[in-house]
Amino acid sequence: KKSDFTGQPFRSILVVALTGDEINKVLWENIMADRLQQDGISAVPCAKAFPGNNNVTREEIVAYVKRHSIDGMLVTRLVDTRKEQVFHPPRGVYYGGPYWYYNHFYNYYPYVYDRVYSPGYTTTHTIVLLETNLYQADSQELIWSMSSDTFDPGSINQLVQSVSKKVIQGLRKDRLVPPGR
């Protein structure tokens with residue numbers, strides 16, 4: 001949060017997603033705007049403000065927020081997507097166990113087999129890094145910024161749901177939006 005910001009909480013926000021993919025842009029903006037509206041903040045997705053225009057200029061956004069008396073612009077962009085490999089070592093040999101495991105081959109063999117013959121393996125995880133910035137509409141100054149690493153998002157919808165929740169929590173914690181209902 002900008003340390004010298006003394007303004008009132010933002011009550012109206014234009015939500016902008018910079019993705020390059022129109023479907024993801026619309027999905028992101030709609031979910032984020034819905035979340036903000038659930039908390040009593042007037043939020044407009046950029047795709048709704050500029051239907052059919054995926055390449056909105058800064059000047060068009062500034063003119064729109066002035067014309068509609070919007071307090072701020074919440075801009076999210078994809079910074080990086082990377083793959084990370086993690087090696088899971090083999091499980092170690094295990095000799096102990098409760099008495100009843102040793103008392104019958106039926107119990108004993110599967111219990112110890114898995115501990116002796118479980119090889120190591122590698123998994124690949126996707127990490128998505130996003131940056132979200134809140135700008136004051138009238139001055140166009142950066143008021144607040146947040147970056148988020150999301151580990152293995154199942155879908156764009158899950159990614160937006162989890163990140164939007166964290167964004168709103170951060171905005172609320174820094175008293176940049178009114179308290180939730």
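The model shown is predicted, which means the values in this text are computed figures rather than measured ones. (Residues numbered from 1 in each chain as written. Predicted model: local features only at pLDDT ≥ 70, side-chain atom pairs only at ≥ 80, totals over all residues. Heavy atoms only, no water.)

Asks: For this particular structure, what's the right way to read the packing of helix α1 (residues 22-38) against helix α6 (residues 156-173)?
Replies: A pair of packed helices can be characterised by two numbers: the angle between their axes and the separation between those axes. For the pair α1 and α6, the least separation of the axes is 10 Å and the interaxial angle reads 40°. Here α1 lies oblique to α6, going by the angle between them. Remark: the crossing between α1 and α6 carries right-handed chirality. Of α6, the residues touching α1 (which contributes Asn 24, Leu 27, Trp 28, Ile 31, Met 32, Arg 35 and Leu 36) are Ile 156, Asn 157, Leu 159, Val 160, Gln 161, Val 163, Ser 164, Lys 165, Val 167 and Ile 168. (Axes fitted to C-alpha atoms, helices over the stretch in contact; angles between N-to-C directions. Helix = DSSP H or I, 4+ residues; strand = E, 2+ residues; numbered from the N terminus. Parallel < 35°, antiparallel > 145°, perpendicular 65-115°, else oblique. Left-handed = near helix turned anticlockwise from the far one by under 90°. Contact = heavy atoms within 4.5 Å.)

Asks: What am I meant to see in α6 here?
Replies: Every α-helix carries 3.6 residues per turn, so stepping three or four residues along brings you back to the same face. When the terminal C-alpha atoms of α6 are compared, their 25 Å separation across 18 residues agrees well with the 26 Å that a helix rising 1.5 Å per residue should span. Tucked into the core, α6 has its buried residues touching α1, β3 (72-88), β4 (121-136) and β5 (142-151). Once α6 finishes, Arg 175 follows within two positions and takes phi at roughly 55°, a positive value. (Expected span 1.5 Å × (residues − 1).)

Asks: What should I look at first to understand the packing of aromatic side chains in this one?
Replies: For any two aromatic rings, the description comes down to two numbers: the centre-to-centre distance and the angle of the planes. For the structure shown, the criterion picks out 2 aromatic pairs. Plain terms: the ring middles of Phe 5 and Phe 10 are 5.9 Å apart, the flat faces sit at 20° to each other, and that makes the pair stacked. Assigned by exposure class, Phe 5 and Phe 10 land together as buried. Arranged with centres 5.4 Å apart and planes meeting at 55°, the rings of Phe 50 and Tyr 64 form a pair that is tilted. You can see Phe 50 sitting in the loop between α2 (46-49) and α3 (58-67) and its partner Tyr 64 sitting in helix α3, a full 14 residues away along the chain. (Phe/Tyr/Trp six-rings, centres within 6.5 Å; stacked < 30°, edge-to-face > 60°. Buried < 20%, exposed > 50% of the residue type's maximum accessible area, 1.4 Å probe, protein only.)

Asks: Before we go on, may I ask you to explain the environment of Lys 1 in this structure?
Replies: Along the chain, Lys 1 falls in the segment before β1 (12-18). Judged by relative accessible area, Lys 1 falls into the partly exposed class, the value being 48%. Put simply, Lys 1 and Leu 171 are 170 residues apart on the chain and 8.9 Å apart in space, counted from C-alpha to C-alpha.

Asks: Help me out: how do you make sense of the pairing of β1 in this one?
Replies: Of all 7 residues making up β1, 6 are buried, and the element is well covered by its neighbours. Taken together, the 4 bridges between β1 and strand β2 (residues 42-45) define a ladder with parallel strand orientation. Considered in β2, the bridge of Leu 14 is made with Val 44. Regarding topology, α1 serves as the crossover connection from β1 to the parallel β2, and that connection is right-handed. Note: β1 against β3, 6 bridges, orientation parallel. Opposite Val 16, over in β3, you have Val 75 as the bridge partner. (Pairing = 2+ DSSP bridges. Right-handed = clockwise from strand over helix to strand, strands pointing away.)

Asks: Can you help me understand the pattern of salt bridges in this one?
Replies: When the charged atoms of two side chains with opposite charge come close together, those side chains can pair. For the coordinates displayed, the defined rule picks out 7 salt bridges. Note that Glu 29 is salt-bridged to Lys 25, the shortest N-O span being 2.6 Å. Here the residue Glu 29 and the residue Lys 25 both occupy positions in helix α1, the gap between them amounting to 4 residues, near one helical turn. Of the residues examined, Glu 29 reaches a relative accessible area of 0% and is grouped as buried. Put simply, Asp 174 and Lys 173 hold a salt bridge, and the shortest N to O gap is 3.9 Å. Residue classification places Asp 174 among the buried positions, given a relative accessible area of 19%. Lys 173 sits in the exposed class, given a relative accessible area of 67%. (Salt bridge = Lys/Arg side-chain N within 4 Å of Asp/Glu carboxyl O.)

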